[in-house]
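Spelled out from the first residue to the last, the chains are:
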Amino acid sequence: MARSEVPEVPEVPENRLPEVGVLVDHHCHSVVAAELTDDALAGLLTESDRPPAPGCSPFDSALGLAVRRWCPPVLGLPAHAPAAEYLARRRELGAAEATRRLLAAARLDTCLVDTGLTAAAGRELLPLTELAGATGAVVREVVRLESVAETVASGAEDWPRAVGEALAAAATGAVAVKSVLAYRYGLAVPAERPARPAVVAAAGARLRDGRARLADPVLLHHLLWTAVDVCAELGLPLQLHTGFGDPDLTLHRADPSLLADFVRAAEPSGVPLVLLHGYPYHRQAAWLAQAFPTVYTDLGLTASYTGPRVAAVLGEMLELVPFGKLLFSTDAYGLPELFSVGAAQFRYGLGMLLSDWQAGGACSAPDARRLARLIAADNARRLYALR
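Residues numbered from 1 in each chain as written. Predicted model: local features only at pLDDT ≥ 70, side-chain atom pairs only at ≥ 80, totals over all residues. Heavy atoms only, no water.

**Here we look at the packing of helix α2 (residues 62-70) against helix α15 (residues 337-359)**
Where we set the bar: Axis geometry follows a simple rule: fit a line to the C-alpha atoms, using only the stretch in contact for helices, then measure angles between N-to-C directions, giving values from 0 to 180 degrees. Comment: elements are numbered from the N terminus, with helices defined as DSSP H or I runs of at least four residues and strands as E runs of at least two. By definition in this entry, angles of less than 35 degrees are roughly parallel, angles greater than 145 are roughly antiparallel, angles of 65 to 115 are roughly perpendicular, and the rest are oblique. Contact definition: two residues touch when any of their heavy atoms are within 4.5 Å. Gly is placed with the polar residues, together with every amino acid not listed as nonpolar (Ala, Val, Leu, Ile, Met, Phe, Trp, Tyr, Cys and Pro) or charged (Asp, Glu, Lys and Arg).
At their nearest, the axes of α2 and α15 sit 9 Å apart, and the two run at 90° to each other. With respect to their mutual orientation, α2 and α15 come out roughly perpendicular. On α15, the residues touching L63, A66, V67, R69 and W70 of α2 are E337, L338, V341, A344, Q345 and Y348. Its residues assigned to classes, the contact of α2 with α15 shows eight nonpolar, one polar and two charged.

This is the structure in structure tokens:
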């Protein structure tokens, strides 16, 4: 084709991004509405559970920049207000009012809340009813697999049956089950279910040692297969943490591609497997979602933590992931700021990405609008059978 024959690319007006409307946050936690010290608040802006290095602050990060970009206007300050001014304004308003404003600013339609965490920075998280009132969203529960199993008090011989019954009871009425296997052992799950004698022996060893935390790989793998059975029976998706997290996690063991054998083995059950977060293995998560019909994925807290790079990282996921299998979530925990930032970052990042795609002729405006609706809400509504 001669140079003069190259079709013109339609322009997208500057300062106008495709609208990303209703959001269904398919994975998040509750928040602290009590007063926090400046250090405690800043400590919730990092996945680390250690104090910052001398001379460093969690506000001096891509996430810190995102908080200072999106949150000060919600509290009546200009965007990019210094952290000290923001914290002072937050104290002036009081934690309850700041929480109300920040949660409302996220403009969320529905929140699917992992109830496995009950406190942050030493303070209790809001109950689900209060979180619903503060967000103005419909709130549904996601049951954490390992937390349920750790409440089971039974003998070793009875443990496999008891844990299955406990999970079925806890998940009845919930919208999903979630596993933190990545933290406890890693995602290299064998394709074969553990044999019952091995499970009973491991349960006995755990009882003798008196360990509350479930970390034995045999028990964890049995528990994951129990979750597959319960989810198949109840028609629920199974969420799995993948990618980065706090120092309790060994990062390379959280690579979602390690789940490939398990995904193949669980595929006949039809249970949807939802890979959360993924970063820096988000491209691996996207590949799994493309390769296996039962696999879905999200960007999660990565959208907040990557700050100004959010559109680029989202684009890397959309290189491979089918548009009907990527979901929005904030993974907000502890701070109401993380709801507001997570929603704003996602809207901005997806809007920027789709604007670029339209400007380059990769998609039409109707394509962009449909893609935005899918990722923002419709995929989650379909996957979790939400009304």
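**Side note on the nonpolar core**
Spelled out, the test is: Here, nonpolar core refers to any group of buried Ala, Val, Leu, Ile, Met, Phe, Trp, Tyr and Cys residues whose side-chain atoms link them within 4.5 Å. To sort residues, take the accessible area from a 1.4 Å probe on protein chains only and compare it with the maximum for the residue type: under 20% means buried, over 50% means exposed, and anything in between is partly exposed.
Of all hydrophobic cores here, the largest spans 111 residues; its most connected members are L108, W159, V177, L238, F262, F339 and L350. The element contributing the most residues to this core is helix α10 (residues 217-234), with nine residues. Aside from chain neighbours lying at most four places away, what touches L108 is L23, D25, T135, G136, A137, F328, F339 and A343. L112, V175, A176 and Y384 belong to the second largest nonpolar core, which has 14 residues in total.

**Notes on the pattern of salt bridges**
Put simply, the rule is: Whenever Lys or Arg places a side-chain nitrogen within 4 Å of a carboxyl oxygen from Asp or Glu, that contact is recorded as a salt bridge.
Under the defined criterion, the tally for this structure stands at 19 salt bridges. Between R184 and E150 there is a salt bridge whose closest N-O contact spans 2.8 Å. With R184 in helix α8 (residues 181-184) and E150 in the loop between α6 (145-149) and α7 (159-171), this residue pair connects regions lying 34 residues apart in the sequence. Looking at R184, the relative accessible area reads 14%, which means it is buried.

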